[in-house]
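Report on the structure
What follows is the residue order along each chain.
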Amino acid sequence: TRASMSDRGKVGAGVNSADIRLNTRQEVPSKRRVYGQVLIGGPLFFEESKDTLYYQGFLWSIGPISEVLRVQNSSDIIFLPTRDFGQILAPEQNFDGPPFVGNVRVSLRQGLRNQPIDPLLAEAFPDLDPDTFRQRGVATLVLEASSGASFDEFEAMWGTSRRPNPVALIRGVPIYDPRDPSQRLPYDPNDPDDLEDAMLTWKWSNNASLVQADYLWWKDGGRMPLSTMRWDEIGRSADYDQGLIATKSGELIPRHTIDGVVTAGQSPVNILQSMLTANRGFVVRHQGRVWVQSSRPIRKPVLTITDDMIKGGIEFRRSQPKRNLLNRARVRFIDPRQEWTTVDGPILDRPEWREGDGDLYEASMDFMWTADHRRAQRLQKASLEESRLGRLVTTALDVESVGLKAGDVVRFDLKLVPRINGTYRLTEVGLADGLSAIRIACAEYDWTIETDWNAAVDEQDFVLPDLEVT
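These lines cover the structure that appears in this document, whether it is placed above or below.

So, how was this worked out
Residues numbered from 1 in each chain as written. Predicted model: local features only at pLDDT ≥ 70, side-chain atom pairs only at ≥ 80, totals over all residues. Heavy atoms only, no water. Helix = DSSP H or I, 4+ residues; strand = E, 2+ residues; numbered from the N terminus. Core = buried A, V, L, I, M, F, W, Y, C linked by side-chain atoms within 4.5 Å. Buried < 20%, exposed > 50% of the residue type's maximum accessible area, 1.4 Å probe, protein only. Contact = heavy atoms within 4.5 Å. Pairing = 2+ DSSP bridges. Phe/Tyr/Trp six-rings, centres within 6.5 Å; stacked < 30°, edge-to-face > 60°. Lys NZ or Arg CZ within 6 Å of the ring centre and 35° of its normal. Axes fitted to C-alpha atoms, helices over the stretch in contact; angles between N-to-C directions. Nonpolar A, V, L, I, M, F, W, Y, C, P; charged D, E, K, R; others polar. Polar contact = N/O pair within 3.5 Å; in protein donor to acceptor, adjacent residues only side chain to side chain. Salt bridge = Lys/Arg side-chain N within 4 Å of Asp/Glu carboxyl O.

1. Observations regarding unusual backbone geometry
Following Gly63, the chain continues to Pro64 via a peptide bond in cis, the omega torsion being 0°. Relative to the helices and strands, Pro64 resides in the loop between β4 (53-62) and β5 (67-73). You will see that Asp372, though not glycine, has its phi angle at about 100°, which is positive. One can find Asp372 in the loop between β21 (362-371) and α8 (373-386).

Below, the structure is given as structure tokens:
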């Protein structure tokens, strides 16, 4: 028997797809936005040969991007980190690979709205209109490749494909961090020039809560007005996601991160739901305000609900349906050690649970925005343990409880229905019965699940597979 993960992070096809690493030919390329750190290719916007030189231009991302960590042809490094946007660059050394020095030049543009035409193309093709051929607001790579002194040298550089295949490891758009006073929000979010000026004060980050908040307001994402965002709450979630967790090797890594590419043509709901798997978070709406809440453990309930506070009936579900019950979980995540591809990680098995359940309940957990198997394993364990919490309560409370909001933790202490008693997190809060009561829905909550991680015991070894060469 296999349990469905549709309500706990099973993402739709194409979300942060591996296709982002491919160079493609598309008549109408999709608008893309890079978050965190990503190995990326892109749609071709220019291709031409001139004498012994071959030119390619690729669209990367809506800008501005933050940094290019390396440019490579397939897996052969051409050059390493640079922020030299808008310049013609040439490699100064060969990195144990093909003889790129003297045979390759590249130019990178950050993706500013007022960026000029690419300098390599302007130099080689002066007939291109410098006013219209600018790819305004889009980060690009242009590569000039020599055919080399001989066929053997050409093949040594570009392989049997007979043409370059440039990809790059880049750091994507800077995102707003409310904890940094040097950063500012746009005065007019509808003014693209003011928005870009504000973004140039922001800094690169792959903090999960900050990325989720950025996607919430992005005009091709969640489209939430910036004025409705609760940046103080987002900052608290960002603090938790930025905290360090231990690994078996002794290395400390940030708790929750997001690295990947979103496409404007995809469903914002699907994108956001998949992003929330990166920190087991959720979006809170309260009194016209919106924020992202990470899985920061809440130890103290904000309210104890007693019999005299209940107004009306109680709907109660005691256990999880079998489709949501799990006793074994597979995991998929991004592995930077394997060219930032999506890979299958260790299997987490609970045979003692399976014996009690009387059957195998298995699912695959997709953490498509999470890089590093250690971070993914921690999410895997917490999600598996959370699947065992099955109690749900829906009821109405007296109007004095109006201060409650989704995400709050409450405790039930009832004498009439004691089997309900326990700690729950609110999933919905709204007015009921002609505004005389507050209707709540809540799910069983155990804050210790978030802290139940001992790397020395829980982290499974995950070694790279042996490379088979034929």
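Text resumes after the structure shown.
2. A short note on the nonpolar core
Among the nonpolar cores identified, the biggest contains 37 residues, and Tyr35, Tyr215, Trp231, Val262 and Met275 are the most heavily contacted of them. Looking at this core, the element that brings in the most residues is helix α4 (residues 208-217), giving seven residues. When residues no more than four places from it in sequence are discounted, the contact partners of Trp231 are Tyr176, Pro178, Leu185, Ala213, Trp217 and Leu226. Counting 28 residues, the second-largest nonpolar core is a separate cluster that includes Ile78, Leu89, Val106 and Val261.

3. What to know about the pairing of strand β22 (residues 392-398)
Extensive coverage of β22 is indicated by the burial of six of its seven residues. In terms of strand pairing, strand β17 (residues 310-317) meets β22 through five bridges, oriented antiparallel. The residue bridging Phe316 from the neighbouring strand is Val393, located in β22. Direction of pairing for β22 relative to strand β25 (residues 437-444): antiparallel, over a ladder of seven bridges. The residue of β25 that forms the bridge with Thr394 is Ala441.

4. Section: the packing of aromatic side chains
Taken as a whole, this structure holds ten aromatic pairs when the rule is applied. Ring geometry for Tyr176 against Trp231: centres 4.9 Å apart, planes inclined by 85°, an arrangement best described as edge-to-face. In this pair, Tyr176 is assigned in the loop between β10 (166-171) and α3 (192-199) and Trp231 in helix α5 (residues 231-242), connecting sequence segments 55 residues apart. Judged on exposure class, the residue Tyr176 and its partner Trp231 are both buried. Note on Trp202 and Trp217: the rings are 6.0 Å apart at their centroids and 85° apart in plane angle, and the pair reads as edge-to-face. Of the two residues, Trp202 sits in the loop between α3 and α4 while Trp217 sits in helix α4, which places them 15 residues apart along the sequence. Trp202 sits in the buried class, given a relative accessible area of 5%. Directly above the ring of Trp204 sits Arg171, whose terminal nitrogen or CZ lies 4.0 Å from the centroid.

5. Concerning the sheet that holds strand β24 (residues 422-432)
Two pairing modes exist for strands in a sheet, parallel and antiparallel, and in both the strands are linked by backbone hydrogen bonds. Spatial ordering of the open sheet is given by β16-β23-β24-β25-β22-β17, a layout of six strands whose pairing is mixed. Either end of the sheet is taken by a strand with one partner, and the two such strands are β16 (303-305) and β17. Sheet twist, expressed as the average angle between the axes of neighbouring strands with direction ignored, equals 35°.

6. Some words on the sheet that holds strand β9 (residues 138-146)
Taken together, five strands build an open sheet; the order of strands is β3-β4-β9-β8-β7 and the sheet is antiparallel. Edge positions in the sheet fall to β3 (44-50) and β7 (88-89), since each of these pairs with one other strand and no more. Bridge analysis of β3 against β4 gives six bridges, and the strand direction is antiparallel. When the bridges of β4 are listed, Leu44 appears paired with Phe58.

7. As for the packing of α4 against α5
At a closest axis distance of 7 Å, the pairing of α4 and α5 adopts a crossing angle of 145°. Residues Ala208, Ser209, Leu210, Ala213 and Trp217 of α4 pack against Trp231, Ile234, Ser237, Ala238 and Asp241 of α5. Within the contact of α4 with α5, the residues separate by chemical class into seven nonpolar, two polar and one charged.

8. Re the side chain of Thr247
Residue placement: Thr247 occurs in the loop between β11 (244-246) and β12 (252-254). Owing to a relative accessible area of 6%, Thr247 belongs among the buried residues under this scheme. In terms of polar contacts, Thr247 uses its side chain to reach the side chain of Ser249, at 3.1 Å. Every residue in contact with Thr247, bar those within four places of it in the chain, is listed here: Ile253, Arg374, Ala455 and Glu459.

9. Regarding the pattern of salt bridges
For the structure shown, the criterion picks out 35 salt bridges. As a salt-bridge pair, Arg184 and Asp194 come within 3.1 Å of each other at their nearest N and O atoms. Remark: Asp194 occurs in helix α3 and Arg184 occurs in the loop between β10 and α3; sequence separation between them is ten residues. Beyond isolated ion pairs, a larger network of salt bridges with shared partners links Arg230, Asp232, Glu233 and Arg236.

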